[in-house]
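# Geometric and topological summary
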Amino acid sequence: MADAATLRSRNADFWTGAAAGWIRHADRQDEIGRPLGAPAMDQLAPRPAERILDVGCGCGGTTAELAAAVGGTGAAVGVDIAEAMVTAARQRFPTDRYPGIQFHLADIETLDVVPGAPFDAAFSRMTLMLLADPVAGCTTIRRSLRPGGRLAATVFRDGSVNPWLFAAMLGAAPYLGPLPHLPVDEEPGPFSFADPARLTRVLTVAGLTAVTITPCDVTMNAPDDADVVAEWLIEVGPAGAAYRAAPLAGQASARAGAARLLDRFREPGVGYRLPAGLWLVTAIAAAAEAPSATAGPPAIRHRHPRQDEN
Ligand SMILES: C[S@@+](CC[C@H](N)C(=O)[O-])C[C@H]1O[C@@H](n2cnc3c(N)ncnc32)[C@H](O)[C@@H]1O
């Protein structure tokens, strides 16, 4: 596994390169990708006048949803490492239409606290598993919450329950230039929190308590348009930058290749049903700076999918 500095600069470079695709598909991502964050949004149940942090807010869709829930007397603050995405978020959701909304360009791992802290709650959709140093990032989240403040987030489980992700990348890759480094071991990547024990350890070391990790299976419903769906999934995945750099003929072949492997998720005339296996993560910010050796272990409730199947 690479050292922390290498992982951090690799992460920053990846998201700088990925931003154009995420911006291009931002409306689609908000609409079709909503189920990826819905369990955490429901769990968080943002209330009027609350101050809420959105970690890895991307192009701002979930921050806007939080802003609508907390209203003009509250605050919804999105943080993201990709400058172009933060700029897009500000343009898509201006403060005159979304009072209380703010976006900050920052690496969550290197902040002491997020501007606007303390927050009543923190939300994150599909970001925590991508952090180069997840303990550092989750420690910033904990420090940015008021004591007793709550966290609700979603991350992917493992690849076997998210098969469309491989389909889009593998179908497109033969027609494109080199892909970015793919993660090994516990390096940041979609499945770096496949093991819930690791996720629990990260959150606990970051000083969060009452950790719960619950499996959620959701479905993303996409329209019956093979070209559009293939392009969206290529562009928001690891092959996105290589796709945009490819000549038009290569792009068309990449879309066709991805569409072939995505066909198993297609119901002709109806659309695509893309199954996603998530962990819903909840936790509370401890009152003290960090759990002390004498305070005993934090309360951790753990549910593995196999237990749910019984
Ligand atoms: C998979 S995308 C999810 C974006 C958004 N939450 C959504 O669901 O549409 C992950 C996001 O996390 C951001 N990100 C990655 N590492 C970060 C870090 N260290 N600090 C802040 N944002 C980060 C990326 O720029 C990207 O926008």
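Provided above is the structure to which this section pertains.
Since this is a predicted model, take the numbers as computed values, not measurements. (Residues numbered from 1 in each chain as written. Predicted model: local features only at pLDDT ≥ 70, side-chain atom pairs only at ≥ 80, totals over all residues. Heavy atoms only, no water.)

### Let's talk about the packing of helix α6 (residues 134-144) against helix α8 (residues 196-205)
- Packing of α6 against α8 brings their axes to within 8 Å, and their N-to-C directions diverge by 50 degrees. The angle between the axes of α6 and α8 places the two elements in the oblique class. The hand of the α6/α8 crossing is right-handed. Seen from α6, the contacting residues are Pro134, Val135 and Cys138; seen from α8, they are Arg198, Val202, Leu203 and Val205. (Axes fitted to C-alpha atoms, helices over the stretch in contact; angles between N-to-C directions. Helix = DSSP H or I, 4+ residues; strand = E, 2+ residues; numbered from the N terminus. Parallel < 35°, antiparallel > 145°, perpendicular 65-115°, else oblique. Left-handed = near helix turned anticlockwise from the far one by under 90°. Contact = heavy atoms within 4.5 Å.)

### Digging into the site of the ligand
- In the region of the ligand, 19 residues are neighbours, and Asn11, Gly56, Asp80, Asp107 and Arg125 sit closest.
- One of the side-chain N or O atoms of Asp107 is found 2.8 Å from a nitrogen atom in the ligand.
- Note that an oxygen atom of the ligand is positioned 2.5 Å from one of the side-chain N or O atoms of Arg125.
- Expressed as a share of its isolated accessible area of 590 Å², the protein-covered part of the ligand is 96%.
- Here the residues of the shell around the ligand are counted per class, giving 10 nonpolar, 5 polar and 4 charged. (Near = heavy atom within 4 Å. Polar contact = N/O pair within 3.5 Å; in protein donor to acceptor, adjacent residues only side chain to side chain. Areas by Shrake-Rupley, 256 points an atom, 1.4 Å probe, with all protein chains shown as cover. Nonpolar A, V, L, I, M, F, W, Y, C, P; charged D, E, K, R; others polar.)

### A word on the packing of aromatic side chains
- Per the stated rule, a full pass over the model turns up 6 aromatic pairs.
- Relative to Trp15, the ring of Phe14 has its centre 5.0 Å away and its plane inclined at 85 degrees; by these criteria the two rings are edge-to-face.
- Look at Trp15 and you get buried, because its relative accessible area is 15%.
- Of the aromatic side chains, those joined through ring pairs into one cluster are Phe156, Trp164, Phe166 and Phe191.
- Just above the ring of Trp279 sits the side chain of Arg157; from NZ or CZ to the centre is 5.5 Å. (Phe/Tyr/Trp six-rings, centres within 6.5 Å; stacked < 30°, edge-to-face > 60°. Buried < 20%, exposed > 50% of the residue type's maximum accessible area, 1.4 Å probe, protein only. Lys NZ or Arg CZ within 6 Å of the ring centre and 35° of its normal.)

### Topic: the environment of Ala173
- Looking at the element boundaries, Ala173 is found in the loop between α7 (163-172) and α8.
- Classification of Ala173 by relative accessible area gives partly exposed; the value is 23%.
- Sequence spacing of Ala173 and Ser253 is 80 residues, and the spatial spacing of their C-alpha atoms is 9.8 Å.

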